[in-house]
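# Structure at a glance
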Amino acid sequence: MQQNGDPRRTNRIVRYKPLDSTANQQQAISEDPLPEYMNVLGMIFSMCGLMIRMKWCSWLALVCSCISFANTRTSDDAKQIVSSFMLSVSAVVMSYLQNPSPIIPPWVTLLQS
Amino acid sequence: WIFLIFFIGFAISTDDNEFAEFEDEFVGSSATQAPEIQREGEPPVLKQKDDFEEEDFGVVEEEPEEAEKVREADSDDAAPAQPLKFADVPAHFRSNWASYQVEGIVVLIILIYMTNYLIGKTTNASIAQTIFDMCRPTLEEQFAVVGDDGTTDLDKMIPSLKHDTDSTFSAWCTGRVNVNSLFLQMKMVKRQDVVSRIMEMFTPSGDKMTIKASLETTNDTDPLIFAVGEKKIASKYFKEMLDLNSFASERKQAAQQFNLPASWQVYADQNEVVFSILDPGVVSLLKKHEDAIEFIHISDQFTGPKPAEGESYTRLPEAQRYMFVSLNLQYLGQDEESVMEILNLVFYLIDKARKMKLSKDAKVKAERRRKEFEDAFLKQTHQFRQEAAQARREEKTRERKQKLMDESDPERQKRLEAKELKREAKAKSPKMKQLKVK
């Protein structure tokens, strides 16, 4: 025991518990729910892109995946973000493979009408 | 063998038929001279080729005329030739890049977002690292372990900052007298996210550093609840924290006596706590670093934030001795000396809260108030518990009555009814206790 004014005590160490307990995980999510929302939104948009073949949905899914990637926590596992990227990229590729014509820009339709 | 012979025989007979057709026509057409279609620029060689074929095979030249005749015959009979309809096959994207304007814009947005992500991430990391490097010497003097990630062995531990996300960093320090653990967390502006950067321009929140220290509880430590800080932030925490809200109140006179900065407020459960914590040294440091220090909260009854509106605790969470400090990184990170001074002030307050001795009646008063709060809480939750039990009882009687109504067999129904009447009679009868007299 160092008593000469040194406050350090090696016998009173309390180890850090990583965010594995669900309570901490819940707390982390409640603090910043953005990545979770963006992930769900990305999944929905890529489903729309794949099923209903709406091109702008696929592009929005890709943007949502990027936002979710930028806000991930290191404690989250990478599978979730990789799968959301793969899903959105496949939605974009599939919708252009099926019909390679471009999205008609809204400003073109406005100018014509 | 029979099959083979039969097959050959069949092949020969069809051959004959095939030529039969031509033989008739051959006899007819040879008389008339077939019009020669002389195409312009057609080399004479073609003519020579026709004679050669006529002599040897005598068949080939007629065939093209025949095909033309057949085609002319077919078209005369069918309706006039339909104009060819070209299927609407979209042109391949490599052929008209220019029309992919929307896609180009989205790709540009993604590129901008990702470059901003890289820039923002490195900026956040460098700010956090420089401030951690300023704090590290003081932390290493005070703690046996700095920057614990919970897994690596203690002897191989290198003090380092943990990256929770690209905008929050933390360091867990432990191994000190009076302190179980100290959790230092830096919450920066999310520079890596373009949307957050734009939002930051409208509602600036700034980079924050919070220190959460779990203090050691022994039976000779006196109860205290104390908070001091900048008005806006302090009143926000006062509303949010359950212990501040339940025990503490604002101490205006005390704040004026210590001539703290005008925009600061002091909260405490007793005046005596304010006088013992805010000694001149502390007040001078608070005034010196008025911008960097936002809020300091020391409490022996820390139970976290109040439950959200409408919700309430059924059981009081376990109270712990706790210290919370919120610092503004924008001012803190200017020079190493101020960082050291502020950290030493925090450790000084930790030790002071541990050694603080209240007068006898102040201590009795504090203990009584905590007891009153606990009793009031139990009374409140008792009411909840009673209401819940009442609701359960009513639910059961309703179910029994429902069962009685649904019962088809008359005999069973009578028996159930009798049982029900007996139960009701028993509930109504006065409760008497039989005492045995010896």
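Quick caveat: nothing in here was measured; it's all calculated off a predicted structure.

## Concerning the UniProt feature "transmembrane region" in chain A
- If you check UniProt for "transmembrane region", the listed places come out as residues 81-97 of chain A in our numbering.
- The span residues 81-97 of chain A is 100% helix and 0% strand, and its two end C-alpha atoms sit 24 Å from each other.

## With respect to helix α2 (residues 34-51) of chain A
Residue and element names in this part refer to chain A.
- Taking 1.5 Å as the rise per residue, α2 with 18 residues should run 26 Å; its terminal C-alpha atoms sit 26 Å apart, in good agreement.
- Taken together, the buried positions of α2 are occupied by Pro35, Met38, Asn39, Gly42, Phe45, Ser46 and Gly49. For α2, the angular spread of the buried residues around the axis is 135 degrees, confining them to a single face. Structural note: α2 exposes Tyr37 and Met51 on the side pointing more than 90 degrees away from its buried face.
- Its buried side turned inward, α2 meets α3 (55-70) and α4 (78-98).
- In the segment just after α2, Arg53 is the residue with positive phi, at about 55 degrees.

## Details of the packing of aromatic side chains
Residue and element names in this part refer to chain B.
- The final tally for this structure, using the stated rule, is 16 aromatic pairs over all chains.
- Ring centres 4.0 Å apart and planes at 10 degrees place the aromatic pair Phe302 and Tyr322 in the stacked group. Taken as a pair, Phe302 in strand β9 (residues 293-302) and Tyr322 in strand β10 (residues 320-328) lie far apart in primary sequence, 20 residues in all.
- Taking the relative accessible area as the measure of exposure, Phe302 reaches 11% and is therefore buried.
- The buried category is assigned to Tyr322, whose relative accessible area is 12%.

## Quick look at helix α6 (residues 231-240) of chain B
Residues and elements named next belong to chain B.
- Turning to α6, its buried residues number three or more, namely Ile233, Ala234 and Tyr237. One side of α6 holds all its buried residues, which, seen down the axis, span an arc of 95 degrees. Exposed side of α6, more than 90 degrees from the buried face: Lys232 and Lys239 are the residues found there.
- The elements touched by buried residues of α6 are β6 (225-230), α7 (242-247), β8 (264-268), β9 and β10.

## A word on the side chain of Asp351 of chain B
All names here are of chain B.
- Here Asp351 lies in helix α12 (residues 336-355).
- The exposure class of Asp351 is buried, given its relative accessible area of 16%.
- When residues no more than four places from it in sequence are discounted, the contact partners of Asp351 are Arg176 and Asn178.

## Some points on a negative patch on the surface
Residue and element names in this part refer to chain B.
- A cluster of acidic side chains, namely Asp133, Asp335, Glu336 and Glu337, defines a negative patch on the protein surface.
- Tracing the backbone shows Asp335 in the loop between α11 (329-332) and α12.
- Relative accessible area serves as the criterion here: at 33%, Asp335 is assigned to the partly exposed category.

## Description of the interface of chain B and chain A
- Between chain B and chain A, the residue contacts involve 45 residues of the former and 36 residues of the latter.
- Put simply, chain B and chain A have two salt bridges between them.
- A salt bridge links Asp148 of chain B to Arg15 of chain A; its shortest N-O distance comes to 2.8 Å.
- The interface formed by chain B and chain A holds 17 residue pairs in polar contact (both at pLDDT 80 or more) in total.
- Listed by contribution, the elements that provide at least two residues to the side of chain B that touches chain A are α4 (101-142), β2 (162-163), β3 (168-176) and β4 (179-187) of chain B.

## Comments concerning the environment of Asn124 of chain B
Residues and elements named next belong to chain B.
- On the secondary structure map, Asn124 appears in helix α4.
- A C-alpha to C-alpha distance of 7.0 Å links Asn124 and Arg191, two positions 67 residues apart in sequence.
- In this structure Asn124 touches Asp166, Ser167, Phe169, Met188, Val189, Arg191 and Gln192, once residues within four positions along its chain are discounted.

## With respect to the packing of α2 of chain A against α4 of chain A
Residue and element names in this part refer to chain A.
- Here α2 crosses α4 at 25 degrees, and the two axes come no closer than 9 Å. The angle between α2 and α4 falls in the class roughly parallel. Every pair of crossing elements has a handedness; the one defined by α2 and α4 is left-handed. Between α2 and α4, the contacting residues are Asn39, Met43, Ser46, Met47, Gly49 and Leu50 on the first element and Gln80, Ser83, Ser84, Leu87, Ser88, Ser90, Ala91, Met94 and Ser95 on the second.

## Some details on the confidence of the model for chain B
Residues and elements named next belong to chain B.
- Overall, the prediction assigns chain B a mean pLDDT of 80, with 79% of residues at 70 or greater.
- Below pLDDT 50 for its whole length, residues 14-18 participates in zero contacts with residues either more than four positions away or in separate chains.
- For this predicted complex, the interface confidence reaches an ipTM of 0.87, while the overall pTM sits at 0.69.

## A closer look at the pairing of strand β5 (residues 208-215) of chain B
All names here are of chain B.
- Along β5, six of the eight residues are buried, which leaves the element largely enclosed by surrounding structure.
- Here β4 pairs with β5 via eight bridges, running antiparallel. Paired with Leu184 across the two strands is Ile211, which belongs to β5.
- Strand direction decides the pairing type here: β5 and β10, joined by seven bridges, are antiparallel. Residue pairing in the sheet places Ala213 in a bridge with Met323 of β10.

## Observations concerning unusual backbone geometry
- Look at Arg53 of chain A: it is not a glycine, yet its phi comes out positive at around 55 degrees.
- Inspection of the secondary structure puts Arg53 of chain A in the loop between α2 and α3.
- Even without a glycine there, the phi angle at Asn259 of chain B is positive, about 30 degrees.

## What about the environment of Thr115 of chain B?
All names here are of chain B.
- Positionally, Thr115 belongs in helix α4.
- In sequence terms Thr115 and Gln192 are 77 residues apart; their C-alpha atoms lie 8.9 Å from each other.
- Separated by 2.8 Å, the side chain of Thr115 and the backbone oxygen of Leu111 make a polar contact.

## Brief notes about the pattern of salt bridges
- The final tally for this structure, using the stated rule, is 24 salt bridges over all chains.
- Taking the shortest distance from any N to any O, the salt bridge between Arg12 of chain A and Glu216 of chain B comes out at 3.0 Å. One end of the pair, Arg12 of chain A, is in the segment before α1 (22-31); the other, Glu216 of chain B, is in the loop between β5 and β6, on a second chain.
- Note on Arg12 of chain A: relative accessible area 29%, which makes it partly exposed.

Reading the values: the criteria
- Residues numbered from 1 in each chain as written.
- Chains lettered and ligands numbered in written order.
- Predicted model: local features only at pLDDT ≥ 70, side-chain atom pairs only at ≥ 80, totals over all residues.
- Heavy atoms only, no water.
- UniProt positions renumbered as here; feature names shortened; annotations may be inferred.
- Helix = DSSP H or I, 4+ residues; strand = E, 2+ residues; numbered from the N terminus.
- Expected span 1.5 Å × (residues − 1).
- Buried < 20%, exposed > 50% of the residue type's maximum accessible area, 1.4 Å probe, protein only.
- Arc of directions from axis to C-beta.
- Contact = heavy atoms within 4.5 Å.
- Phe/Tyr/Trp six-rings, centres within 6.5 Å; stacked < 30°, edge-to-face > 60°.
- Patch = residues over 30% accessible without salt bridge, like charges linked within 9 Å, V, L, I, M, F, W, Y side chains within 5 Å.
- Areas by Shrake-Rupley, 256 points an atom, 1.4 Å probe, with all protein chains shown as cover.
- Salt bridge = Lys/Arg side-chain N within 4 Å of Asp/Glu carboxyl O.
- Lys, Arg positive; Asp, Glu negative; His and termini not counted.
- Charge placed at Lys NZ, Arg CZ, Asp CG, Glu CD.
- Polar contact = N/O pair within 3.5 Å; in protein donor to acceptor, adjacent residues only side chain to side chain.
- Axes fitted to C-alpha atoms, helices over the stretch in contact; angles between N-to-C directions.
- Parallel < 35°, antiparallel > 145°, perpendicular 65-115°, else oblique.
- Left-handed = near helix turned anticlockwise from the far one by under 90°.
- pLDDT = per-residue confidence, 0-100.
- Pairing = 2+ DSSP bridges.

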